[in-house]
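# Secondary and tertiary structure notes
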Amino acid sequence: MKRLTTILLSVAVTVTALAQPKLSEKNIDKVLKAMTLEEKAQLLVGSIEGMNYTGVPLPPTGNEAGYQRVPGAAGQTNTIPRLGIPPTVVADGPAGLRITPHRSGDERDYYCTGFPVEILLASSWDTDVLYEVGRAMGEEIREYGVDVILGPATNIMRNPLCGRNFEYYSEDPVLAGKMTAAMVNGVQSQGVGTSVKHFAANNQETNRSENDSRVSQRALREIYLKPFEIAVKEAQPWTIMSSYNKVNGEYSQSNYDLLTKVLRKDWGFKGIVMTDWTAPRESEKQVAAGNDLLMPGRKAQIEQIVKAVNEGRLNIKELDGCVRRMLEYIVKTPRFQGYKYSEQPDLRAHAAVSRKAAEEGVVLLKNDGVLPLKAGNVALFGIQSYEFLHDGIGSGHVNTPYVVNMVDALNAQGFACNEPLAEAYRLHILADKAKWQFHPYSKVPLMEAIGVGAPVYEVEFPDYVYSTTANESDMALVTIGRKPGEGFDREVKDDFNLSDIEIHLLKGVCDAFHAAGKKVIVVLNIGGVVETASWKDWPDAILLPWMPGQEGGNVVADVLTGKVNPSGRLPITFPVCYEDVPGADDFPTTFGTGDRYDIVGALLHPAKSPDGNTKNYDYTEYNEGIYVGYRHYQTKGVEVSYPFGFGLSYTSFAYSEPSVKRRGNTYTASIKVTNTGSMAGREVIQLYVTAPAGVLDKPEQELKAFAKTTKLAPGESQTVEMSFTTYDLASFDEGASAFVADKGTYNARFCTDVRSEQSSMEFTVPARKTFPVNNALELNK
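Just so you know, these numbers come straight off a predicted model, no measurement behind them. (Residues numbered from 1 in each chain as written. Predicted model: local features only at pLDDT ≥ 70, side-chain atom pairs only at ≥ 80, totals over all residues. Heavy atoms only, no water.)

### Considering the overall build of the chain
Stated precisely, the cut-off is as follows: Helix numbers and strand numbers start at the N terminus; a helix is a DSSP run of H or I with at least 4 residues, a strand a run of E with at least 2. Radius of gyration means the value over C-alpha atoms here, while the globule rule gives 2.2 Å times the residue count to the 0.38 power. For this analysis, residues touch if any pair of their heavy atoms sits within 4.5 Å. Calculation of accessible area relied on Shrake-Rupley with a 1.4 Å probe; when residues are assessed, cover is drawn exclusively from the protein chains displayed. When charges are tallied, Lys and Arg are placed among the positive residues and Asp and Glu among the negative ones, while His and the ends of the chain are skipped. Charged groups are reduced to one reference atom each: NZ for lysine, CZ for arginine, CG for aspartic acid, CD for glutamic acid.
When helices and strands are tallied, the chain shows 22 helices and 30 strands. Its C-alpha atoms give the chain a radius of gyration of 27 Å, near enough to 28 Å, the size a compact globule of 781 residues would have. If one aligns the C-alpha atoms of the chain with their principal axes, the spans along those axes are about 110 × 70 × 55 Å. Taking the contacts inside the chain whose residues are at least 6 apart along the sequence as the reference set, 78% of them involve residues at least 24 apart. Accessible area of the chain: about 28,400 Å², with a carbon and sulfur share of 51%. Counting 80 positive and 95 negative side-chain charges, the chain places the averaged centre of each group 7 Å from the other.

Below, the structure is given as structure tokens:
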């Protein structure tokens with residue numbers, strides 16, 4: 001009898017085991033039904049107890065995925081082995097994959113390609129370039145065993161002081177959205193996912209976790225949500241990352257209007273929403289709002305979700321909706337599909353992609369006939385001439401195998417760098433780095449991991465150095481550097497504005513070299529806008545390569561020598577002064593350390609709110625509404641230093657035969673572009689539209705489409721086409737909760753920048769068109 005009982009129990013266990021479904025693309029409903037409440041909650045919570053940039057394994061969290069499968073990855077999801085649900089791995093971006101380059105007991109290196117930062121990629125105005133970068137990045141993500149990269153980021157550059165503008169695309173939502181969609185499509189073509197971030201209105205780093213962005217519905221719909229909308233509709237990213245901050249009083253991560261009404265119901269988003277890396281924060285509200293994955297994950301969050309369901313505070317249907325989306329996401333991942341990653345991506349090929357992309361985005365701001373350069377003896381001034389910046393600080397920092405500096409790149413192209421000057425800089429850099437090793441901050445492992453190195457201060461030379469080097473050299477090149485980053489915003493003094501030492505350097509070099517009949521070129525190796533109006537008349541040329549990735553020095557040298565004809569255009573306006581910025585007073589400018597070199601101090605000891613209700617810290621009012629960037633400068637007639645879309649070339653172009661044709665709700669604009677100069681090059685065509693007067697106030701003009709020619713030989717022509725829809729012409733009417741395109745005559749302006757019209761054509765919208773959406777995200781002041 002005892003033996004019979006044992007046999008029956010064994011059979012029962014076997015039958016039960018066989019009855020348990022194993023996850024597949026076709027049985028998601030069955031697996032969902034088989035999951036316990038605890039397993040459902042577990043799947044919605046990440047498995048890593050906090051971020052770990054160093055690659056050292058973290059303690060388990062009570063589940064089988066409580067360790068890093070890819071050292072240095074930002075996090076991973078939980079596994080449920082009995083149902084065949086594997087963990088998935090997510091890692092930082094967006095300028096390249098971010099993992100630990102060295103592993104304990106392993107002699108191999110695990111470097112990743114340092115691609116250009118997003119502000120440079122947007123300066124290319126070329127979606128094909130973004131797609132190719134995304135495709136190369138996607139291959140790297142896949143081959144290193146990662147399932148999703150945490151990028152691209154597509155927040156609007158509302159203010160030039162935002163610390164993460166280098167990680168964003170533009171002040172314009174159309175340019176930002178099209179760039180984002182192209183990048184997402186490129187990455188996801190390789191069978192891995194993206195996480196478009198930070199959704200939404202995350203436009204400052206100061207108190208970013210608690211700050212309340214107070215924005216009108218119209219500004220949200222037309223400006224701050226629009227890039228995400230374009231990305232969702234044109235690319236369907238696997239995931240969207242909900243931001244830290246509040247939007248109109250409600251945390252983004254628990255904002256049902258944002259995550260369900262707008263994202264899913266209005267736009268048709270099909271993927272999952274994951275939180276930015278946040279401590280436990282009303283987990284049941286996050287799930288109910290439509291947040292499918294709470295990252296990086298705490299065991300307490302699992303318990304909170306289970307308790308909320310049991311107590312009736314969280315509807316099981318809402319929970320199941322999130323779990324279903326998680327299962328749909330998991331079955332798409334390489335890890336679920338059993339992909340055998342090599343850990344050997346083609347870094348050489350990707351370096352070539354990085355270099356080509358950067359060359360397409362370099363912006364020539366000034367050229368008084370000095371460029372292209374002929375080889376000679378060049379005096380290199382500025383720390384960044386020797387310590388070139390390839391990216392910024394924080395999760396966007398990439399551990400690259402190398403970064404090409406200006407000295408090596410120019411030497412390779414036949415230039416001789418003034419050696420006494422170079423030696424003076426080398427000794428200064430070594431001295432500053434030697435001092436840093438005694439600073440307590442230098443011992444913080446996280447700092448090096450996120451790209452915070454020893455601060456190297458700009459050199460203040462006596463005037464005789466400038467005159468001596470002018471006599472010894474054929475030309476001078478001055479590099480101005482800025483390395484902004486995550487977790488802190490920039491300041492006006494000595495950051496947006498050049499420091500007194502930098503002004504003295506520029507003035508001293510320009511005066512000495514011009515007195516000797518020689519030329520001066522300025523290179524801006526920066527991650528955000530700086531003031532240029534007060535000094536731009538001094539040098540003979542100004543080149544803006546932003547932060548161009550690991551091939552940076554080569555990229556600059558190629559453009560300086562004419563191997564590459566610059567075709568980049570500005571994705572953001574350069575104002576005359578900070579006070580001219582729309583909403584200048586509605587941005588945190590008084591919470592920094594006062595020292596742009598004290599990055600560690602800004603990160604480890606941020607300012608605190610004195611009363612919990614401090615303007616621009618606890619809350620920020622977006623009083624400029626839709627008038628962001630050029631929409632403000634153009635409509636209000638404010639002079640700028642360099643307008644949105646500006647950029648020079650070594651050749652010239654002529655525009656002819658403009659046309660705008662309508663077919664249904666789609667408009668196709670075309671223009672013939674001819675290279676009228678003596679060098680082959682590419683031209684960016686920017687289509688701005690002026691709308692007829694209506695009930696709503698509107699900007700003087702808005703970008704609606706853009707295109708970039710192929711490389712045209714002298715005398716060669718190309719007719720380019722750009723399309724837009726009636727919906728693209730619509731403005732948001734808060735009272736009707738609808739986008740409205742007015743009937744009437746519109747003017748399409750074919751421009752080289754927002755202030756330089758080359759041709760125009762009127763067209764008509766025959767009838768008023770309304771596009772209703774859900775009433776969401778009301779601002780109650």
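Now that the structure has been shown, the text picks up again.
### Observations regarding the environment of glutamine 344
What counts, and what does not: Buried means the residue's accessible area, taken with a 1.4 Å probe over protein chains only, is under 20% of the maximum for its type, while exposed means over 50%, and partly exposed covers the values in between.
Mapped onto the secondary structure, glutamine 344 falls in the loop between α12 (316-330) and α13 (347-361). On the accessibility criterion, glutamine 344 (57% relative accessible area) is exposed. Note: C-alpha distance between glutamine 344 and aspartate 742 (398 residues apart in sequence) is 55 Å. When residues no more than four places from it in sequence are discounted, the contact partners of glutamine 344 are Arg108 and Glu143.

### Description of the packing of aromatic side chains
Each aromatic ring pair is characterised by the separation of its centres together with the angle its planes make. Short version of the rule: To pair, rings of Phe, Tyr and Trp, with the six-membered ring standing in for Trp, must have centres within 6.5 Å; the planes then decide the type, stacked if under 30 degrees apart, edge-to-face if over 60, and tilted in the middle.
For the coordinates displayed, the defined rule picks out 26 aromatic pairs. Taken together, a centroid distance of 5.0 Å and an interplanar angle of 20° make the contact between tyrosine 386 and tyrosine 425 stacked. Of this pair, tyrosine 386 sits in the loop between β13 (377-381) and α14 (406-412) while tyrosine 425 is found in helix α15 (residues 419-436), placing the two residues 39 residues apart along the sequence. One exposure class covers both tyrosine 386 and tyrosine 425, and it is buried. Between phenylalanine 732 and phenylalanine 739, the aromatic rings sit 5.2 Å apart at their centres with planes inclined by 65°, giving edge-to-face as the arrangement.

### A few points about the sheet that holds strand β21 (residues 653-663)
Here is the rule we go by: Strands pair, by our definition, only if DSSP identifies at least two bridges between them. The angle between two axes is taken between their N-to-C directions and runs from 0 to 180 degrees, where each axis is a line fitted to C-alpha atoms and a helix contributes only its stretch in contact.
Taken in spatial order, the three strands line up as β21-β22-β25 in an open sheet, and their pairing is antiparallel. Strand pairing shows two members of the sheet lacking a second neighbour, β21 and β25 (717-725), which therefore form its edges. Neighbour-to-neighbour, the strand axes of the sheet open up by a mean angle of 20°, direction not taken into account. Relative to strand β22 (residues 666-675), β21 runs antiparallel, the two sharing nine bridges.

### Comments concerning the pairing of strand β29 (residues 756-765)
Across nine bridges, strand β28 (residues 744-753) lies against β29 in antiparallel orientation. Of the residues in β29, the one forming a bridge with threonine 745 is threonine 764. Hairpin connection, β28 to β29: the antiparallel pair is bridged by two residues.

### Remarks on the nonpolar core
Stated precisely, the cut-off is as follows: To define a nonpolar core, start from buried Ala, Val, Leu, Ile, Met, Phe, Trp, Tyr and Cys residues and group those joined through side-chain atoms within 4.5 Å.
Grouped together as the largest cluster of nonpolar side chains are 129 residues, with contacts concentrated most on Phe381, Trp546 and Leu560. Of all hydrophobic cores here, the second largest spans 41 residues; its members include Met35, Ile80, Leu294 and Leu327.

### Observations concerning the side chain of threonine 180
Keep this limit in mind: N or O atoms closer than or at 3.5 Å make up a polar contact, with two conditions inside protein: a donor-capable atom paired with an acceptor-capable one, and, for residues adjacent in sequence, both atoms drawn from side chains.
Relative to the helices and strands, threonine 180 resides in helix α6 (residues 173-188). From its side chain, threonine 180 meets the backbone oxygen of alanine 176 in a polar contact 2.7 Å long.

### Overview of the packing of helix α5 (residues 127-143) against α13
This is how it is decided: Should an angle fall under 35 degrees it is called roughly parallel, over 145 degrees roughly antiparallel, and 65 to 115 degrees roughly perpendicular, with every other angle called oblique. By definition, any crossing whose near helix is turned counterclockwise from its far helix by less than a right angle is left-handed, and any crossing with a clockwise turn is right-handed. Residues are grouped as follows: Ala, Val, Leu, Ile, Met, Phe, Trp, Tyr, Cys and Pro are nonpolar; Asp, Glu, Lys and Arg are charged; every other residue, Gly included, is polar.
It is at 10 Å that the axes of α5 and α13 come closest, and there the two elements cross at 155°. Comparing the axis directions of α5 and α13 gives the class roughly antiparallel. Remark: the crossing between α5 and α13 carries left-handed chirality. Here α5 contributes Val129, Glu132, Val133, Ala136, Glu139 and Glu140 to the contact with α13, which in turn contributes Leu347, His350, Val353, Ala357 and Glu360. Residue composition of the contact of α5 with α13, grouped by class: six nonpolar, one polar and four charged.

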